[in-house]
Structure formats: C-alpha cells, structure tokens
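Each chain, letter by letter, is given below.
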Amino acid sequence: MIYWHIFLAFFVPGILGYGGGPASIPLIEKEVVDRYEWQTVSEFSETLALGNALPGPIATKMAGFIGYQEGGLLGAAVGLFATIAPSLILMLILLKVLMKYKESPQVKRLSTVVRPVIAVMLGVMTYQFLDNAVLGFGIWHTLLLFILSFVLLEKMNVHPAFVIAGALVYGGAFLS
C-alpha cells in the first residue's frame with residue numbers, strides 16, 4: 001500500500017502542477033506533510049533546499065528522496081515515475097491539440113489566468129517556510145540569512161547554487 005501512496009503523492013501534484021517543479025512544490029508539500037505525514041514542514045523545507053542545491057528538476061529529486069525514505073529503492077523508482085508520468089501522458093495527448101490552437105485567444109487567456117494562481121501558491125508556501133524558520137531557528141538567524149542571500153543574489157550576482165550551499169553550511173555549522 002505504501003507504493004500506491006507514494007505514487008499518488010507525486011502523480012496528483014504532477015497532474016495539477018501547471019508549469020512544472022515550482023508550481024507543483026506546494027502541492028507535493030500538501031501530500032507529503034499534511035495528507036500522509038511523512039515529513040514535517042521543517043523536514044520538507046530541508047528536502048526542498050537539498051533539491052534546489054542539486055542539478056536537475058526539483059520535483060523529481062524530491063520524489064526520489066521521499067520515495068526512498070518511505071519505500072526504499074522501489075519507493076524511489078515509484079516516486080520518480082509518478083512525477084514524470086503526468087507530464088509524459090499529457091504531453092503526448094495534448095501537444096498536437098495545443099499546436100493546432102496555440103494562437104487561440106482562449107489558450108492565451110488560460111496562461112494569463114493561471115500565472116497569478118501559481119504566484120499566490122508560491123507566496124503562501126514562502127510565508128509558511130518563513131514562519132517555520134523564525135519559530136525553529138529564531139528571527140536573527142532567519143533575518144541574517146535573508147539579508148545575506150538578497151545581497152549575494154541581487155547585488156553581487158552570485159549564482160543561486162552557491163548561495164544555497166552557503167546557507168546549508170551555515171545551517172549545519174550554527175543551527176544544528
């Protein structure tokens with residue numbers, strides 16, 4: 001039964017997560033944290049940070065990691081397949097239709113309407129992570145990491161992978 005749950009936990013967000021990884025992360029969080037209770041919000045945010053630090057699609061890395069945690073190697077394989085299956089199926093079915101109607105006003109409106117919804121979902125997730133960070137690590141550590149990350153990313157143009165790696169090192173050295 002665990003493999004079916006792993007499959008559903010990553011297949012459903014894959015179907016509903018328009019736009020790929022960033023859009024599906026809040027949906028994956030809902031399944032992993034709230035529905036199946038495999039991880040806490042703090043553990044999920046650590047998994048997300050680790051997934052962001054590694055190359056490749058975030059959702060597949062998270063599916064592999066969480067699937068492995070819950071069901072071993074087979075759980076990882078099921079999680080990975082469940083993550084890519086919706087895209088594969090929908091791509092094969094809808095690509096021809098989309099190409100036929102790509103200039104349609106309805107298709108253009110769909111994209112215009114969906115983007116703000118994704119932005120709100122990411123904003124809610126960010127707020128939850130911020131709240132969790134303040135409660136777990138304290139306001140000063142959170143504020144320091146926020147300001148330092150902002151300066152490094154926006155003012156000094158440091159690659160995000162280095163900022164994430166630095167935050168992981170900081171968290172491991174000072175917050176464990």
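Please refer to the structure placed before this passage.
The following refers to the structure shown. (Residues numbered from 1 in each chain as written. Predicted model: local features only at pLDDT ≥ 70, side-chain atom pairs only at ≥ 80, totals over all residues. Heavy atoms only, no water.)

Moving on, we get to the overall build of the chain. Helix and strand counts for the chain stand at seven helices and zero strands. Put simply, the chain runs from its N terminus to its C terminus through helices and strands in the order α-α-α-α-α-α-α. With the principal axes as the frame, the chain shows a C-alpha extent of 55 × 40 × 25 Å. Scored against the burial criterion, the 176 residues of the chain give a buried share of 30%. Counting only contacts in the chain whose residues sit at least 6 apart along the sequence, the fraction spanning at least 24 positions is 55%. Element-wise, carbon and sulfur atoms account for 72% of the exposed surface of the chain, whose accessible area totals about 11300 Å². A gap of 21 Å separates the mean positions of the 10 positive and 10 negative side-chain charges of the chain. (Helix = DSSP H or I, 4+ residues; strand = E, 2+ residues; numbered from the N terminus. Buried < 20%, exposed > 50% of the residue type's maximum accessible area, 1.4 Å probe, protein only. Contact = heavy atoms within 4.5 Å. Areas by Shrake-Rupley, 256 points an atom, 1.4 Å probe, with all protein chains shown as cover. Lys, Arg positive; Asp, Glu negative; His and termini not counted. Charge placed at Lys NZ, Arg CZ, Asp CG, Glu CD.)

Looking now at the packing of aromatic side chains. As enumerated under the stated definition, the model contains five aromatic pairs in all. Judged by centre distance (6.4 Å) and plane angle (25°), the ring pair of Phe 7 and Phe 81 falls under stacked. Taken as a pair, Phe 7 in helix α1 (residues 2-16) and Phe 81 in helix α4 (residues 58-100) lie far apart in primary sequence, 74 residues in all. Accessibility expressed as a relative area gives 47% for Phe 81, which makes it partly exposed. With centroids separated by 6.3 Å and ring planes inclined at 45°, the aromatic side chains of Phe 44 and Phe 129 adopt a geometry described as tilted. Remark: Phe 129 occurs in helix α5 (residues 105-137) and Phe 44 occurs in helix α3 (residues 41-53); sequence separation between them is 85 residues. Owing to a relative accessible area of 16%, Phe 129 belongs among the buried residues under this scheme. Through pairs of rings, three or more aromatic residues link up here, namely Trp 4, Phe 7, Phe 11 and Phe 81. (Phe/Tyr/Trp six-rings, centres within 6.5 Å; stacked < 30°, edge-to-face > 60°.)

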